[in-house]
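# Fold and contact review
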Amino acid sequence: MAYWLFKSEPAEYGIDHLEAEPQKITCWHGIRNYQARNLLRDNIYTKDLILFYHSSCKPTAVVGIAKVIASAYPDPTQFDEHSPYYDAKSSKDHPRWFCVDIQLHKKFAHPVELTHIKHNPKLENMVLLKQSRLSIQPVQEAEFNEIKKMARLVSNL
DNA sequence: GCCAACGTTGGC
DNA sequence: GCCAACGTTGGC
């Protein structure tokens, strides 16, 4: 089992939107970056756990934990001419973009803010601090556990 | 609103 | 394949 961090802009689609979905499940679509695409397509599997991160807001923070419930399949929005994520260069025979289904597992009572992540020496190697623009990134198990600890989340995973 | 870091595009 | 120009992300 592996750990990941997914970013979202709460003004567009944040943890409260996910929480409001039927079964708290959504299709994580619209990823249009090749590095993130490769992770989605090749490395992210059912049961993997996700740190759900809010970017471009105040404060930026890890706000909860989600779980992968379906591994990669072609992102349907790439074929939809009316979608902002439409890609004319993609085809159903050779889809360019992929998505996974995720389910909200825990919403933190105390989000773990980026400032605090930066000041925790145990988290100094997090990809978040090195390649901040990547919207889907790997997380070490120790980092995942440390974030959970910081959120004062009682572990029942 | 600014800007650093990075990704993409397109001419050559 | 190189690289300049441009676009985007995201923290501050």
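Here the structure is shown first, and the text comes after it.
What you see as residue numbers is a count from 1 along each chain, following the sequence as written. Naming scheme: in the order in which they are written, chains are lettered from A and ligands are numbered from 1. Local features in a predicted model are, by the rule used here, given only for residues with pLDDT of at least 70; side-chain atom pairs are given and counted only at 80 or more, and totals for whole chains, interfaces and linings are based on all residues. Derived side-chain values reflect all non-hydrogen atoms in the structure, with water molecules and hydrogen atoms excluded from consideration.

### Thoughts on the overall build of chain A
- Every helix listed is a DSSP run of H or I at least four residues long, and every strand listed is a run of E at least two residues long, numbered separately from the N terminus. Along its length, chain A carries six helices and six strands.
- For chain A, the sequential pattern of α-helices and β-strands runs β-α-α-β-α-β-β-β-α-α-β-α.
- Put simply, the radius of gyration uses C-alpha atoms, and a globule should come to 2.2 Å times the residue count raised to 0.38. Relative to the compact-globule value of 15 Å for 157 residues, chain A shows a C-alpha radius of gyration of 15 Å, a close match.
- The contact criterion used is simple: two residues touch if any of their non-hydrogen atoms lie within 4.5 Å. Excluding contacts between residues fewer than 6 apart, the proportion of contacts in chain A whose partners are at least 24 apart in sequence is 71%.

### As for the sheet that holds strand β2 (residues 25-28)
- Strand pairing is assigned whenever DSSP detects at least two bridges linking the two strands. The mixed open sheet is built from six strands, whose spatial order is β2-β5-β4-β3-β1-β6. Both edges of this open sheet fall to β2 and β6 (136-139), since each of them pairs with a single strand only. Averaged over all pairs of adjacent strands, the angle between their axes in this sheet comes to 35°, without regard to strand direction.
- Relative to strand β4 (residues 61-74), strand β3 (residues 49-54) runs antiparallel, the two being bridged by six bridges. Counted as the bridge partner of L49 is K67 from β4.
- Docked against the sheet, helix α6 (residues 141-150) engages β1 (3-8), β3, β4, β5 (98-113) and β6, running at close to 55° with respect to β3. Helix axes are fitted only over the stretch in contact, all axes being lines through C-alpha atoms; the angle between N-to-C directions runs from 0 to 180 degrees.

### Regarding the protein's contact with DNA strand C
- In this text, near means that some heavy atom of the residue lies within 4 Å of the molecule or strand in question. Around DNA strand C, the structure places K7, Y53, S55, S56, T60, L114, K118, S132 and R133.
- Contacts to DNA strand C include S56, whose backbone N or O atom sits 3.1 Å from a phosphate oxygen.
- In terms of residue class, the surface near DNA strand C is built from two nonpolar, four polar and three charged. Residues adjacent in sequence count toward polar contacts only when both atoms are side-chain atoms; beyond that, a polar contact is any pair of N or O atoms within 3.5 Å, and within protein one must be able to donate a hydrogen and the other to accept it. Think of it as three bins: nonpolar holds Ala, Val, Leu, Ile, Met, Phe, Trp, Tyr, Cys and Pro, charged holds Asp, Glu, Lys and Arg, and polar takes everything else, Gly as well.

### Some remarks on the pairing of β5
- Two elements, β2 and β5, share four bridges in a ladder whose sense is antiparallel. Residue pairing for β5: C27 is matched across the bridge by D101.
- Across ten bridges, the pairing between β4 and β5 is antiparallel. The residue bridging A61 from the neighbouring strand is E113, located in β5.

### Some remarks on α6
- Buried residues are those whose accessible area, probed at 1.4 Å on protein chains only, stays under 20% of the maximum for their type, while exposed residues exceed 50% and partly exposed ones sit between those limits. For α6, the set of buried residues is E143, F144, E146, I147 and K148.
- Buried residues belonging to α6 abut β1, β3, β4, β5, α4 (114-118) and β6.
- Once α6 ends, the next one or two residues include R152, with phi positive near 55°.

### Observations concerning the protein's contact with DNA strand B
- The local shell around DNA strand B consists of Y34, Q35 and R133.
- Sugar and phosphate atoms constitute 40% of the interface atoms of DNA strand B, taking the interface as everything within 4 Å of the protein.
- In this structure, Q35 approaches DNA strand B through a side-chain N or O atom, which is 3.4 Å from a phosphate oxygen.

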